[in-house]
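# Summary of the model geometry
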Amino acid sequence: MSDQAFDSATLEVLWTRLVSIVDEAAAALVRTSFSTVVRDSHDFSCVITDAEGRSLVQATDSIPSFIGTLPRTIRHFLDEYPAETLEPGDVLITNDIWMGTGHLPDISVGKPLFYNGKIVGFAGSTAHAPDIGGKIRSPEPREVFEEGFQIPIMKLIRAGEPDETFLRLLRKNVRAPDEVVGDLWAQITALDLMDTRLDTFMKEYALSTLDDLATEIQTRSERAMRAAITALPDGVYENTIRTDGLTEPLDLKVTLTIDGDEVLADFDGSAPQVDKAINCAMCYTYAMTAYAVKCAAAPNLPNNDGSIRPIKAVAPEGCILNPQFPASGGSRALIGHFVPSLIFGALAKVIPEKIMAGAGSPLWCINQSGVTESGAPFAKLFFFNGGMGGTNQTDGQSCLSWPSNISTTPIEVIEQLAPLRVHQRSLRPGSGGTGEYRGGLGQDVLFESTSKTPTAVAFLAERTRVGAPGIAGGQDGATGELQINGEPVDPKQQHIVKTGDTILMRTPGGGGYGTPDNRSDEATERDRVEGKLAG
C-alpha cells in the first residue's frame with residue numbers, strides 16, 4: 001500500500017491528467033511523423049512507466065500489444081544501463097527481436113524522467129519504421145541477419161547530444177532514410193513532450209516522486225483484474241488453431257489454466273520454430289496473451305502493469321511461439337495475431353457470452369520496394385483489414401483490424417506516395433460467416449503497378465486456407481485470396497511486378513456467432529439492402 005493516501009476523486013483527476021499527457025505525446029508523434037505507417041495507420045505506442053520500468057499509463061491510440069512489450073523493453077534498458085549510469089537528456093534505443101516487440105521494424109526508445117535530480121520514471125515509445133533494410137519484409141528470410149539493421153540496446157542521445165555515427169549508419173542501411181529517421185525524431189519529440197508535461201504535472205500536484213501514485217494505480221488495477229479472473233470458472237481449457245503455415249499448415253495449441261485469481265497460458269504442443277520469418281518471439285506471445293485475457297475478463301480496466309500481473313504465459317524454447325536466436329520474425333504477426341483467437345477459443349467453452357468469434361486477421365499488408373526513374377530507392381508499406389467476428393450482441397465490424405488497431409491506409413495516400421493505382425476498393429459481399437450475428441466483411445482491393453521499373457512486392461496475408469472460426473453455432477468466415485494478373489499466388493513469397501501488372505487482395509471475413517436460423521428477418525433484409533450478402 002502507498003505511504004501517501006489518494007482519495008477516489010483525487011486519484012481520478014491524477015489518472016486522467018496522466019492519460020492526457022501520453023495522448024498529447026501520441027498526437028505530437030503522429031503530427032511530426034514522416035511515414036504513412038505512423039501518420040495514417042497509427043502503428044505506434046507511447047507510455048510512461050515508474051522508475052522500475054513498470055507501466056503506469058499508455059496512450060489511448062497505442063497498439064494493444066505494446067502494453068506488454070514496451071515496459072519490458074524499458075526494463076531491458078535498465079538491465080543494460082542501471083539508473084546510476086543515466087543522466088538528464090539520455091535516450092536509449094533498440095529494435096532487438098527478443099527484448100523489443102518480436103521484429104526489427106519496431107524501433108523502441110526510452111528516456112529517463114528526472115525530477116529534482118532523481119529518476120522518477122521513463123517515457124517510452126515504439127513505432128513501426130517504414131523500412132529497416134535487409135530483405136523486403138516478407139516471410140522469406142531464414143534468420144534475423146537477413147531481416148535488416150539490428151540495433152543493440154544503446155544510447156541514441158547522450159546527455160542531449162545525438163549519436164551522429166549511429167544516425168549515419170541507420171540512414172545508410174535503409175531504403176527510405178528520410179522517413180525512417182524522420183519518424184525516429186518524431187518519437188523523440190513525443191518523449192520530450194512527456195518529459196516536459198510530467199515535470200509540470202508533478203510540480204502542480206506537489207509530488208516529489210511517482211512511486212506512491214504508481215503503486216496506488218497499479219495495485220487497484222491488479223486487485224480489479226484478480227477479482228475479474230476469480231469470477232471465471234476454475235479449470236483447464238484447451239484449444240488448437242490451424243494456420244495457413246508455409247507449404248503445410250501449422251498448428252498452435254494452448255492449455256489455459258484458471259486457478260483462483262491467476263491465469264496461466266501454456267503453449268506446449270504448438271508447432272516448432274521454422275526457418276522462415278513467421279516466428280513469434282515470447283515477448284509478443286505474452287503481450288497478445290495478456291491482451292486477450294484482459295479483453296475477456298476486464299476490458300475496461302486501465303492499461304498498466306497491475307492489470308496484467310495475474311496473467312502468465314509459458315512456451316517451450318524452440319517452438320514457433322518462443323523461437324530462439326537467430327530465428328527470423330519479421331512477419332511474426334502471421335502467427336502472433338492468432339494468439340488472442342486461440343485464447344478466446346479456450347475461454348469460449350466456459351464464457352461464450354464474453355467471446356467474439358474468429359476475426360479475419362492477422363491483418364494484411366502489402367510491401368513495395370524498388371527504385372524510381374531517377375534511381376532513388378523507395379520502400380512503402382500499406383495495411384488492409386478483414387472483418388471482425390460476431391458477438392452475442394452484434395454483427396462483426398467490417399474491415400477493422402483486430403487484435404491490433406492499425407488503420408487501413410487511405411487510397412489517396414497510397415496513390416500519392418507509391419507507384420500504385422487503386423482501381424477498386426469495396427466491401428466483400430458474403431465474406432462474413434453467417435450466424436445469429438454475422439461476421440464482419442473483408443474487402444476487395446485491386447491495384448495496378450504504375451512504376452516505370454520493376455518493383456518487388458511482398459505480403460502479410462493469412463487465412464487463405466482456413467477461415468475465421470464461428471462459435472456457438474456460427475459459420476466460419478470466407479478465406480482470403482491473393483492474385484497477381486488474375487492468377488493465385490503464394491502470399492508467403494516475394495514477387496516482381498512490372499508496369500501494368502495488377503494485384504488483387506481479398507481479405508478474409510470474420511466468423512459468425514450463434515445459429516444462423518436465429519438471425520432476425522430484419523437483420524437479413526438489412527444485409528440484402530446494403531449489399532452485404534453474396535450475389
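Structural data are supplied above this passage.
This text gives an overview of the structure that appears in the document. (Residues numbered from 1 in each chain as written. Predicted model: local features only at pLDDT ≥ 70, side-chain atom pairs only at ≥ 80, totals over all residues. Heavy atoms only, no water.)

Moving on to the overall build of the protein chain. Across its full length, the protein chain holds 12 helices and 20 strands. The C-alpha extent of the protein chain, read off along each of the three principal axes, is 65 × 60 × 45 Å. Counting all 535 residues of the protein chain, 59% fall into the buried class. Within the protein chain, contacts between residues separated by at least 24 positions form 72% of all contacts whose residues are at least 6 apart in sequence. Total accessible area on the protein chain stands at roughly 19,900 Å², and carbon and sulfur atoms take up 50% of it. Put simply, the protein chain has 46 plus and 69 minus side-chain charges, and the middle of one group is 3 Å from the middle of the other. (Helix = DSSP H or I, 4+ residues; strand = E, 2+ residues; numbered from the N terminus. Buried < 20%, exposed > 50% of the residue type's maximum accessible area, 1.4 Å probe, protein only. Contact = heavy atoms within 4.5 Å. Areas by Shrake-Rupley, 256 points an atom, 1.4 Å probe, with all protein chains shown as cover. Lys, Arg positive; Asp, Glu negative; His and termini not counted. Charge placed at Lys NZ, Arg CZ, Asp CG, Glu CD.)

Turning to its location among the elements, Asp183 is positioned in helix H5 (residues 177-204). Put simply, Asp183 is tucked away with no salt bridge, and the nearest opposite charge, on Arg39, sits 6.5 Å away. Aside from chain neighbours lying at most four places away, what touches Asp183 is Leu29, Ser33, Phe34, Ser35, Val38, His128 and Pro130. (Salt bridge = Lys/Arg side-chain N within 4 Å of Asp/Glu carboxyl O.)

Going from Phe325 to Pro326, the amide bond is cis rather than trans, its omega being 5 degrees. Relative to the elements of secondary structure, Pro326 occurs in the loop between strand S11 (311-314) and helix H9 (333-336). Residue His42 is not a glycine yet carries a positive backbone phi of 60 degrees. Along the chain, His42 turns up in the loop between helix H2 (36-39) and strand S1 (44-50). His42 gets classed as partly exposed once you look at its relative accessible area, which sits at 22%. Even without glycine at this site, Ala472 takes up a positive phi of about 55 degrees. Tracing the sequence through the fold places Ala472 in the loop between strand S16 (455-460) and strand S17 (481-484).

Grouped together as the largest cluster of nonpolar side chains are 73 residues, with contacts concentrated most on Phe166, Leu198, Phe201 and Leu213. Filtering out sequence-adjacent residues up to four positions away, Leu198 remains in contact with Leu18, Ile21, Ile48, Leu113, Val120 and Leu210. Counting 65 residues, the second largest nonpolar core, distinct from the first, contains Val37, Ile258, Ala298 and Ala313. (Core = buried A, V, L, I, M, F, W, Y, C linked by side-chain atoms within 4.5 Å.)

Now for the packing of helix H1 (residues 8-32) against helix H6 (residues 211-230). The contact between H1 and H6 brings their axes to 11 Å, and the two run at 100 degrees. Classified by the angle between their axes, H1 and H6 sit roughly perpendicular to one another. Contact residues: H1 offers Ser8, Leu11, Leu14, Trp15 and Leu18, while H6 offers Leu213, Glu216, Ile217 and Arg220. Class assignment for the residues of the contact of H1 with H6 results in 6 nonpolar, 1 polar and 2 charged. (Axes fitted to C-alpha atoms, helices over the stretch in contact; angles between N-to-C directions. Parallel < 35°, antiparallel > 145°, perpendicular 65-115°, else oblique. Nonpolar A, V, L, I, M, F, W, Y, C, P; charged D, E, K, R; others polar.)

What the 7 strands build is an open sheet, ordered S2-S1-S5-S4-S3-S6-S7; its pairing is antiparallel. If you trace the sheet from one side to the other, it starts and ends with strand S2 (55-58) and strand S7 (161-162), each paired once. Strand direction decides the pairing type here: strand S6 (residues 154-158) and S7, joined by 2 bridges, are antiparallel. Bridge pairing in S7 places Arg158 opposite Glu161. Most of the contacts of helix H4 (residues 164-172) go to S6, to which it runs at about 115 degrees, and overall it touches strand S3 (91-94), S6 and S7. Running at roughly 25 degrees to strand S4 (residues 106-115), H5 makes contact with S1, S3, S4, strand S5 (118-128), S6 and S7 of the sheet. (Pairing = 2+ DSSP bridges.)

Remark: the centre distance and the inter-plane angle together describe each pair of aromatic rings, the angle taken between the planes. Tallying each qualifying case throughout the model produces 7 aromatic pairs. Their ring planes at 40 degrees and their centres at 6.2 Å tell us that Phe149 and Phe166 sit as a pair that is tilted. Of the two residues, Phe149 is situated in the loop between S5 and S6 and Phe166 in helix H4; the sequence distance between them amounts to 17 residues. Here Phe149 falls in the buried class, since its relative accessible area comes to 15%. Ring geometry for Tyr291 against Trp402: centres 6.3 Å apart, planes inclined by 40 degrees, an arrangement best described as tilted. Remark: Trp402 occurs in the loop between strand S13 (377-384) and helix H11 (411-417) and Tyr291 occurs in helix H7 (residues 282-297); sequence separation between them is 111 residues. Pair check on accessibility: Tyr291 and Trp402 agree, each one buried. Ring pairing ties together the aromatic residues Trp98, Phe145 and Phe325, which thus form one cluster. Geometry around Tyr286 places Arg72 over its ring, the cationic atom sitting 4.2 Å from the centre. (Phe/Tyr/Trp six-rings, centres within 6.5 Å; stacked < 30°, edge-to-face > 60°. Lys NZ or Arg CZ within 6 Å of the ring centre and 35° of its normal.)

Quick look at the pairing of S2 now. Relative to S2, S1 runs antiparallel, the two sharing 3 bridges. From the neighbouring strand, Ile48 faces S2, where its bridge partner is Val57. Joining the antiparallel neighbours S1 and S2 is a turn of 4 residues, in which Gly53 adopts a positive phi near 85 degrees.

Our focus in this paragraph is the side chain of Asp305. With respect to the element layout, Asp305 can be found in helix H8 (residues 305-308). Look at Asp305 and you get buried, because its relative accessible area is 11%. There is a polar contact of 2.5 Å between the side chain of Asp305 and the side chain of Arg309. If near-sequence neighbours (up to four positions away) are discounted, Asp305 is found in contact with Arg54, Ser55, Arg75 and Gln218. (Polar contact = N/O pair within 3.5 Å; in protein donor to acceptor, adjacent residues only side chain to side chain.)

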